[in-house]
Amino acid sequence: MTYRIGSGAGFSGDRVDAAGPVVAEIARHGRGGAILFETIGERTLALGTLARRQDPGAGYEPLLAQFLAPILAPCAEAGIVIVGNFGCANPPAAADLIARLAADAGVAPTIAVVEGDDVVGAIDLAQHEVWEGERALPPVDAAPVSANAYIGARPIADAILAGATIVVTGRVADPALALGPLVAHFGWAWDDLDRIAAGTLVGHLLECGAQVTGGYFADPGVKDVPSPEAIGFPIAEAEADGTFVVTKPSGTGGCVDRRTVTEQLLYEIHDPAAYLTPDVTLDITGVELADDGPDRIAVRGARGHPAPELLKATVGFAGDWLGEAEISYAGPNARARGELAAETLRARLALRGLDLMHRIDLIGVSSAFDSDAGALWQDASWPAAEDVRVRLAVRDGDRPRVAAALQEVTALYCCGPAGGGGVRTRVVPRIETRSALVPRNLAAPRFTIRGA
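From a predicted model like this one, the values you see are computed outputs, not experimental measurements.

Conventions adopted
Residues numbered from 1 in each chain as written. Predicted model: local features only at pLDDT ≥ 70, side-chain atom pairs only at ≥ 80, totals over all residues. Heavy atoms only, no water. Pairing = 2+ DSSP bridges. Helix = DSSP H or I, 4+ residues; strand = E, 2+ residues; numbered from the N terminus. Contact = heavy atoms within 4.5 Å. Axes fitted to C-alpha atoms, helices over the stretch in contact; angles between N-to-C directions. Parallel < 35°, antiparallel > 145°, perpendicular 65-115°, else oblique. Left-handed = near helix turned anticlockwise from the far one by under 90°. Buried < 20%, exposed > 50% of the residue type's maximum accessible area, 1.4 Å probe, protein only. Right-handed = clockwise from strand over helix to strand, strands pointing away. 1 Å grid on protein atoms, 1.4 Å probe; cavity = no way out; pocket = protein on both sides within 12 Å on 5 of 7 lines; lining within 4 Å. Points joined across faces, edges and corners; volume = space filled by probe spheres on them. Nonpolar A, V, L, I, M, F, W, Y, C, P; charged D, E, K, R; others polar. Expected span 1.5 Å × (residues − 1). Salt bridge = Lys/Arg side-chain N within 4 Å of Asp/Glu carboxyl O.

(A) Expanded view of the sheet that holds strand 14 (residues 303-305). Ordered in space as 10-11-14, the three strands form an open sheet in which the pairing is antiparallel. The open sheet has two edge strands with one neighbour each: strand 10 (275-276) and strand 14. Two strands pair when backbone bridges link them, and strand 10 and strand 11 (residues 281-283) are joined in this way by two bridges, in the antiparallel orientation. Each residue of the ladder has a partner; that of Tyr275, found in strand 11, is Leu282. Running at roughly 110 degrees to strand 14, helix 8 (residues 193-206) makes contact with strand 10, strand 11 and strand 14 of the sheet.

Pasting the structure below:
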């Protein structure tokens, strides 16, 4: 029997109204199914840890209430399981908030909390193999504020089998959010590696939300996507044999075709024959995509190999301070005035002895492709512009020094050049992360039923 599982969010900060049409579409086909929320990134988790240290009741996904409040009652009525890593650095506190939201909605879900990913007291980066993607980075000379191993889907599946209708996790591997409900529903054995691989592939295609339904895919005139303001988030219609169809709610914007699915299929895949997850090594080299009607792509052919012996763990460190300030210049000679502002800022930092690391961009002339030294915007042959925004970015371990540098941008209001306006400044703490490969026994995946 077909099992439908959809995505309600693909990152922290995603659209808060996206889940409603997904829930409605799953419910339209009868009781049962699941919806996942993937809201953790590496730095998201470290920032959540800092928030929890400042307030023991914080550290979970900031948009949690906005994500879940509108769908708690519809999910309860339709028997749709909710699974999310929106617990971030504080899953128990997230579960408490969900319980309050559920009471307000007049429903009484069974909430499970998955923990065991926090390994901050057990990890020493000097003793473990550095993850290959970061071997060129220098070591961090600071104490860790967080350390979390990527755990798998087993505690999610076990929690659902124990009766949980909402499962709150911290750092689990993204595909595990889909694999857990699929294992619980179909009863797949954990050593049935092709089925586990298929469920992992479902999660991989759903994990980034609208990326697979045309969001990140869109490129006007090259890859056109209808109604992006109302883009539908993805739903997988899975079968017991591991085959599935990727689609989206009827009446929503976006698109699902071979191109969108292929792009997401290859997203963050290092080795197509060996995509490593805590549950299985996924091989997508034999995956086949086929049209199955409008906005429907059938997927088959995932193969599984034994899971790796080591788990990836990400360690977060409290870094220095990042400061940004911007000011705009528009109209005739705007570029020259912007360049003068940039030169003035460099001179003022030197005059005040603020020898902190910095860069200046002329947004509208060049920014994303320029160097820290501003080689492109200082090239006289670079195209002129009539609307530029000067951006100063600085970093330093001393917050007052960062604030002093940004104040020089504000001072340009009256200290020239002419016509500057729209100054905005901000100072935020930087979080640095490093990843390592650690023994599985450092993590202790488990679930508890809230209130049990």
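(B) How the structure looks around the packing of helix 6 (residues 154-161) against helix 7 (residues 176-186). Direction vectors running N to C along helix 6 and helix 7 enclose 40 degrees, while the axes themselves pass 8 Å from each other. Judged by the angle between their axes, helix 6 and helix 7 are oblique. With respect to the hand of their crossing, helix 6 and helix 7 are arranged in right-handed fashion. Contacts between helix 6 and helix 7 involve Ile156, Ala157, Ile160 and Leu161 on the former and, on the latter, Ala176, Leu177, Gly180, Pro181, Val183 and Ala184.

(C) Quick look at the pairing of strand 2 (residues 34-37). Residue alternation in strand 2 divides its side chains into two sets, Ala34 and Leu36 and Ile35 and Phe37, and both sets are buried. Both strand 1 (residues 3-9) and strand 2 contribute to a ladder of four bridges, which runs parallel. Its bridge partner lying in strand 2, Gly6 is registered against Ile35. Following the backbone out of strand 1, through helix 1 (residues 19-28) and into the adjacent parallel strand 2, one traces a crossover that is right-handed. By the bridge criterion, four bridges tie strand 2 to strand 3 (residues 81-84) in an arrangement that is parallel. Counted as the bridge partner of Leu36 is Val83 from strand 3.

(D) How the structure looks around the layout of surface pockets. Taken as a whole, the largest pocket encloses approximately 1,100 Å³ of empty space. Trp131, Tyr150, Glu268, Tyr275 and Lys312 are, among the 39 residues lining the largest pocket, the residues nearest its centre. Taken together, the elements giving at least two residues each to the lining of the largest pocket come down to helix 2 (42-54), strand 10 and strand 15 (310-330). The residue inventory of the lining of the largest pocket, partitioned by class, reads 17 nonpolar, nine polar and 13 charged.

(E) Representation of helix 10 (residues 334-351) in the model. Spanning 18 residues, helix 10 covers 25 Å between terminal C-alpha atoms, matching the ideal 26 Å at 1.5 Å per step. Here helix 10 has its buried residues at Ala334, Arg335, Arg337, Gly338, Glu339, Ala341, Ala342, Leu345 and Leu349. Those residues of helix 10 hidden inside the fold are in contact with strand 15, strand 16 (357-363), strand 17 (387-396) and helix 11 (399-415). Two residues or fewer past helix 10, Gly353 is found with a positive phi of approximately 70 degrees.

(F) Representation of the pattern of salt bridges within the structure. Taken as a whole, this structure holds 24 salt bridges when the rule is applied. When the shortest N-O distance is used, the salt bridge between Glu237 and Arg4 registers 3.4 Å. One end of the pair, Glu237, is in strand 8 (residues 235-238); the other, Arg4, is in strand 1, with 233 residues separating them in the sequence. Of the two residues, Glu237 and Arg4, neither departs from the other in class, the shared state being buried. Salt-bridge contacts for Arg28 lead to Glu25; the nearest nitrogen and oxygen are separated by 2.7 Å. Of this pair, Arg28 and Glu25 both sit in helix 1, separated by three residues, roughly a single helical turn. Among the charged side chains, a network of salt bridges with common partners joins Glu324, Arg359, Asp361, Arg391 and Arg426.

(G) Region of the structure containing the pairing of strand 17. Where burial is concerned, most of strand 17 is hidden: eight out of the 10 residues are buried. Direction of pairing for strand 15 relative to strand 17: antiparallel, over a ladder of 10 bridges. Paired with Trp321 across the two strands is Asp396, which belongs to strand 17. One ladder, built from seven bridges, connects strand 16 with strand 17; its direction is antiparallel. The residue of strand 17 that forms the bridge with Asp361 is Arg391.

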